[in-house]
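# Residue-level structure breakdown
The lines below spell out each chain.
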Amino acid sequence: MERTFLMVKPDGVQRGLIGEIVTRFERRGFKLVASRFEKLPESRVMEHYAEHVQKPFFPGLKAYITSGPCFLMVWEGKDIVKISRDMIGATNPAGAVPGTIRGDFALEIGMNVIHGSDCVETADREIAIHFRPEELVSYSRIDEKYLYE
Ligand code: DAT
Ligand code: MG
């Protein structure tokens, strides 16, 4: 089954949005398989955002993402990478559709509440950056019978 890496960023944590965000993924039928609440160490920020380190916005992004604790999660389910990106909405909340997380809870690109892996390869890479394999818990959810045909 497909997995993805999702993370409530420091603004989402400070604004009390962890529960709301977790609820959305739970209710969609996805399964939480790992989580951790922590302030990201700089070394992991550099790895996680490797594609952006040379960009002009990176110093601001790094200051923001290390400004407080984040809530890191691995979720599992059918087509979760694409579906979770759709649920998160556009990178710039100004253009994010209402009903999406960014479209409901954010206003600016530099404070966009949540991270989600953008493709399956990225998801595998990001899960490996933030979690050890033994931290991912394998179990069944009792409603799987009525989620999957
Ligand atoms: P996403 O988080 O939707 O995958 P991304 O990978 O392109 O977007 O960028 C990572 C984060 O960096 C994004 O959530 C917010 C920040 N960011 C991206 N482009 C930016 C820009 N032009 N100005 C400021 N921050 C930006
Ligand atoms: Mg991205």
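Residues numbered from 1 in each chain as written. Chains lettered and ligands numbered in written order. Predicted model: local features only at pLDDT ≥ 70, side-chain atom pairs only at ≥ 80, totals over all residues. Heavy atoms only, no water.

### Some details on the overall build of the protein
For the protein, the count of helices and strands is 7 helices and 4 strands. In sequence order, the protein lays out its α and β elements as β-α-α-β-α-α-β-α-α-β-α. Expressed as lengths along the three principal axes of its C-alpha atoms, the size of the protein is roughly 45 × 35 × 25 Å. Classification of the 149 residues of the protein by burial places 45% in the buried group. Taking as baseline every contact in the protein between residues at least 6 positions apart, the subset at least 24 positions apart corresponds to 78%. By element, 54% of the accessible surface of the protein is carried by carbon and sulfur atoms, the whole surface being about 8,100 Å². In the protein, 20 side chains carry a positive charge and 22 a negative one; their mean positions are 2 Å apart. (Helix = DSSP H or I, 4+ residues; strand = E, 2+ residues; numbered from the N terminus. Buried < 20%, exposed > 50% of the residue type's maximum accessible area, 1.4 Å probe, protein only. Contact = heavy atoms within 4.5 Å. Areas by Shrake-Rupley, 256 points an atom, 1.4 Å probe, with all protein chains shown as cover. Lys, Arg positive; Asp, Glu negative; His and termini not counted. Charge placed at Lys NZ, Arg CZ, Asp CG, Glu CD.)

### Overview of the side chain of T100
Here T100 is to be found in the loop between α5 (80-88) and α6 (101-105). Here V97 takes part through its backbone oxygen, which lies 2.6 Å from a polar atom of the side chain of T100. Here the side chain of T100 touches G103 through a polar contact of 2.9 Å, landing on its backbone nitrogen. Apart from residues no more than four positions distant in its own chain, T100 is found in contact with R24, D86, M87, I88 and G89. (Polar contact = N/O pair within 3.5 Å; in protein donor to acceptor, adjacent residues only side chain to side chain.)

### A closer look at the UniProt feature "active site" (unreviewed entry) in the protein
Those places that UniProt annotates as "active site" (unreviewed entry) correspond, in this numbering, to H115. The exposure class assigned to H115 is buried, which follows from its relative accessible area of 10%. Setting aside anything within four residues of it in sequence, one finds H115 in contact with F5, L6, M7, K9, H48, Y49, I88, R102 and E126. (UniProt positions renumbered as here; feature names shortened; annotations may be inferred.)

### Some thoughts on the site of ligand 1
In the vicinity of ligand 1, the residues found are K9, Y49, H52, F57, L61, R85, T91, R102, I109 and N112. The contact in question runs from an oxygen atom of ligand 1 to an N or O atom on the side chain of K9, over 3.1 Å. The side chain of T91 places a nitrogen or oxygen atom 2.5 Å from an oxygen atom of ligand 1. In the complex, the protein chains occlude 75% of the 520 Å² of accessible area that ligand 1 would expose alone. Looking at the shell around ligand 1 residue by residue, the classes come out as 4 nonpolar, 3 polar and 3 charged. (Near = heavy atom within 4 Å. Nonpolar A, V, L, I, M, F, W, Y, C, P; charged D, E, K, R; others polar.)

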